[in-house]
Amino acid sequence: MGAPRAVVFGYHNVGVRCIKVLLAGGVDIALVVTHEDSPTENLWFESVASLCQAEGIPYITPSDARAPELLAQVQAARPDMLFSFYYRHMLPASILEVAPAYNMHGSLLPQFRGRAPVNWAVLHGATETGATLHEMTVKPDAGAIVAQTAVPILPDDTAFEVFGKVTVAAEQTLWGVLPALLDGTAPRHLNDLRQGGYFGGRTPEDGRIDWKLPAQQVYNLHRAVAPPYPGAFTEVNNVVYTIEKARLSKHSAGSLPAGLAVVDNCIFGVCGDGRMLAISALRAAGEPISAQQLQASLTARVSTH
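(A) Seen up close, the overall build of the chain. Along its length, the chain carries eight helices and 15 strands. Dimensions of the chain along its principal axes, counting C-alpha atoms only, are 80 × 35 × 30 Å. In the chain, which comprises 305 residues, the share counted as buried stands at 49%. Surface summary for the chain: the accessible area is close to 14,500 Å², and the carbon and sulfur share equals 54%.

Structure, rendered in structure tokens:
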């Protein structure tokens, strides 16, 4: 018998690392389906297309996962199995019927099913997450669990930092279970959909700060969308300020009103519970904003009221 053949749907760092695991495990990757990079997106991650070029793997970038031509190409590859590693489109039943299909999801299923699982985990103050390889079904993130690996979310971790851990967890998960997956002895565990929840995609507007919320919630929002994601933001005098770096402050806000404030030449975000975020890097229109510049804007706001 020859090497097992696979078609891989992949993107992002998880796509790159998991394709490398398949290659190291002796899998013949007949075709990779990936995405064209968006000119409007901050591309801070590795390129699956570049990896395919370096390894001589055929790849395509269809815009529609439901296109008949894509199904024909997948069928023509005669795969023994399909993998999806951070591919952004849902795969239709017609493709999933071609061969047994497995997806790598960036959480400990059944927790945080759906889109942007790392960002949602940080936003909700989770203390751990991980990577889960599971069987693919038409319903997203609902198939039986094959293997998963947990990683911690430390109190000051940003989503970017957690995503790095999840990428390693994905590589470890696939590496550990791949031999059993190839010889048909991999376990199947219940993915209990009564637990956890399903979460949708996030947009930059979701980073708008409500300063009336407790400081921990505001801090979790900052951590969840901190650069290279679009960032948590607020508006003063029609100027949009985006928090680049911040930590929970040990100092009380006293009588300061909710919102941005400058105290002793330092920038703070005052929250609804009287606690503050100490903001060490703030930007407006892409440029760094000093405490003096912010103070001038705050003073101008006061003078116009």
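Additional details are given in the paragraphs that follow.
(B) View of the sheet that holds strand β5 (residues 101–105). Across the sheet, seven strands lie side by side as β3-β2-β1-β4-β5-β7-β8; this open sheet has mixed pairing. Both outer strands of the open sheet, β3 (59–60) and β8 (145–152), are each paired with one neighbouring strand and no more. Summarising the sheet, strand β2 (residues 28–33) and β3 pair through two bridges and their orientation is parallel. Following the sheet pairing, V32 is matched in β3 by Y59. Taken strand by strand, helix α3 (residues 68–76) contacts β1 (5–10), β2, β3 and β4 (81–85), and its axis lies near 145 degrees from that of β1.

(C) Inspection of the environment of M90 at higher detail. Position of M90 relative to the elements: it lies in the loop between β4 and α4 (93–96). For the pair M90 and C52, spaced 38 residues apart in sequence, the C-alpha to C-alpha distance is 22 Å. When near neighbours in sequence (up to four residues on either side) are disregarded, M90 contacts A65, V138 and P140.

(D) Molecular detail of helix α6 (residues 159–183). The terminal C-alpha atoms of α6 lie 36 Å apart, and with 25 residues this matches the ideal 36 Å at 1.5 Å per residue to within 8%. A maximum bend of about 45 degrees is found in α6 at V177, where proline P179 lies one to four positions downstream. Looking one or two places after α6, you find G184, whose phi comes out positive at around 85 degrees.

(E) Quick peek at the pattern of salt bridges. Tallied over the full model, the rule gives ten salt bridges. K212 is the salt-bridge partner of D210, the closest N and O atoms lying 3.3 Å from each other. Overall, D210 belongs to the partly exposed group, its relative accessible area being 32%. Residues joined in a network through salt bridges with shared partners are E205, R208 and E235.

(F) Here's a closer look at the packing of aromatic side chains. Under the defined criterion, the tally for this structure stands at eleven aromatic pairs. Ring geometry for W44 against F160: centres 5.3 Å apart, planes inclined by 80 degrees, an arrangement best described as edge-to-face. Taken together, the positions of W44 in the loop between β2 and α2 (48–55) and F160 in helix α6 put the pair 116 residues apart, joining distant regions of the chain. The exposure class of F160 is partly exposed, given its relative accessible area of 38%. Both rings, one in W120 and one in F199, keep their centres 5.1 Å apart while their planes meet at 35 degrees; by these two values the pair is tilted. Pair noted here: W120 is in helix α5 (residues 117–123) and F199 is in strand β9 (residues 198–199), with a separation of 79 residues, a long-range link. In this structure an aromatic cluster arises from ring pairing among Y11, W44, F45, Y86, F160, F163 and Y229. Taking NZ or CZ as reference, R202 lies 4.7 Å from the ring centre of W120, over its face.

Rules used in this analysis
Residues numbered from 1 in each chain as written. Predicted model: local features only at pLDDT ≥ 70, side-chain atom pairs only at ≥ 80, totals over all residues. Heavy atoms only, no water. Helix = DSSP H or I, 4+ residues; strand = E, 2+ residues; numbered from the N terminus. Buried < 20%, exposed > 50% of the residue type's maximum accessible area, 1.4 Å probe, protein only. Areas by Shrake-Rupley, 256 points an atom, 1.4 Å probe, with all protein chains shown as cover. Pairing = 2+ DSSP bridges. Contact = heavy atoms within 4.5 Å. Axes fitted to C-alpha atoms, helices over the stretch in contact; angles between N-to-C directions. Expected span 1.5 Å × (residues − 1). Bend = angle between axes of the 7 residues up to and from the residue. Salt bridge = Lys/Arg side-chain N within 4 Å of Asp/Glu carboxyl O. Phe/Tyr/Trp six-rings, centres within 6.5 Å; stacked < 30°, edge-to-face > 60°. Lys NZ or Arg CZ within 6 Å of the ring centre and 35° of its normal.

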